[in-house]
Amino acid sequence: MFAVGATVAAASDSGGSGSSGTSSRAPGRYSPDAGFARDMAVHHQQAVEMSFIVRDRTKDEPVRSLAYDIANTQANQRGMLLGWLDLWGLPKVIADEPPMSWMATSDGGAGGAGSHHGHDMGAAKPGALMTGMATKEELAALGAAEGRDAEVLYLQLMTDHHKGGVAMARGCARQCATPAERALAQGMVEAQQSELTLMADMLKRRGAAPRG
C-alpha cells in the first residue's frame, strides 16, 4: 500500500513546473492521461475477475499461481490509476466517452481539454467493451468450466486480454504527459508481454493454443 501511495503521489508531483518543463496543471478531462486511467482501470477489473473465477475452477497450481499474480498486480495498478483520477479531480466514468477514444486524441496533453474525437480506436469483438476484453457469455463459460477446460479457456481469454492491454499501454507510453503514468504503462507492456510468452507455453503443455 505504501508503494501504491508513493506512486500516486509521484504522479501528482510530476505535474509541477521545473527543469523538465512539464505543466503544473492536472491532465485534461479527455487527455490521454485521464482516458488511459479510466479505460485501463476497467480493463484490469475484468482481469482480476477472471483470475478469481479460475482459481475456484481448477486445482492446477501453475494456473492458480499465475491467476493470483495477475489479480494482485492488476488490482494494485487499478488502485494507482483511480488514485490519479482522484488527485486530478477528474471523473472515473464519462458516459459519452467511447472506450479508447483517447488514443485518437492529438492535443489532449496535460492541462488541456483535449481534442475529443469520440472515435473508438478499439477493435473490440461484439459484446466486449474494449479490445481484448471477454464477453458476458465468455465469462459465464469460464465460470461453468472445470479442470483443464477452465485452465485452457482462462489462458486463452487472458491472452486476448493481455494483447488488448499491451496495445493500450503502448498508447499511453507514447501519448501520456505524466511521467509516472508513462512509466507504469511501459512496465505493463513489458510484464504482460512476458506473461503472454508464459501463457503460450502453458497452453501448449495442455495441447491447446491461443485463439485467433
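Just so it is clear, the model here is predicted, and its values are computed rather than measured.

Caption draft 1: Fine view of the confidence of the model for the protein. Residues at a pLDDT of 70 or more form 80% of the protein, whose mean pLDDT is 86. Counting contacts from residues 1–7, a segment whose pLDDT is below 50, to residues more than four positions away or on other chains yields five contacts. For residues 15–23, every residue scores under 50 in pLDDT, and the model assigns this stretch 11 contacts once sequence neighbours within four places are set aside.

Caption draft 2: View of the state of the cysteines. For the coordinates displayed, the defined rule picks out one disulfide. Disulfide partner of Cys172: Cys176, at an S-S distance of 2.2 Å. For the disulfide bridge between Cys172 and Cys176, the dihedral angle about the S-S bond is near -120 degrees, and by the sign convention the bridge is left-handed. For Cys172, a relative accessible area of 0% gives the class buried.

Caption draft 3: Here's a closer look at the environment of Ala209. Its place among the elements puts Ala209 in the segment after α6 (179–205). Residue class for Ala209 comes out partly exposed when judged on its relative accessible area of 42%. Remark: the alpha-carbon pair of Ala209 and Met199, spanning 10 residues in sequence, is separated by 9.2 Å. Excluding its chain neighbours within four sequence positions, the residues that come into contact with Ala209 are Gln156 and Leu203.

Caption draft 4: Examining the pattern of salt bridges more closely. One pass over the full model with this rule turns up 11 salt bridges. Note that Glu146 is salt-bridged to Arg57, the shortest N-O span being 3.4 Å. Placement of the pair is Glu146 in the loop between α4 (136–144) and α5 (147–175) and Arg57 in the loop between α2 (32–55) and α3 (61–88), with a sequence separation of 89 residues. With a relative accessible area of 55%, Glu146 lands in the exposed category. For Arg57, a relative accessible area of 24% translates into the label partly exposed. Where Arg64 meets Glu61, a salt bridge forms, and the shortest distance between an N and an O atom there is 3.7 Å. With Arg64 and Glu61 both in helix α3, this residue pair falls three residues apart, about one helical turn.

What counts, and at which threshold
Residues numbered from 1 in each chain as written. Predicted model: local features only at pLDDT ≥ 70, side-chain atom pairs only at ≥ 80, totals over all residues. Heavy atoms only, no water. pLDDT = per-residue confidence, 0-100. Contact = heavy atoms within 4.5 Å. Disulfide = S-S within 2.5 Å. Buried < 20%, exposed > 50% of the residue type's maximum accessible area, 1.4 Å probe, protein only. Helix = DSSP H or I, 4+ residues; strand = E, 2+ residues; numbered from the N terminus. Salt bridge = Lys/Arg side-chain N within 4 Å of Asp/Glu carboxyl O.

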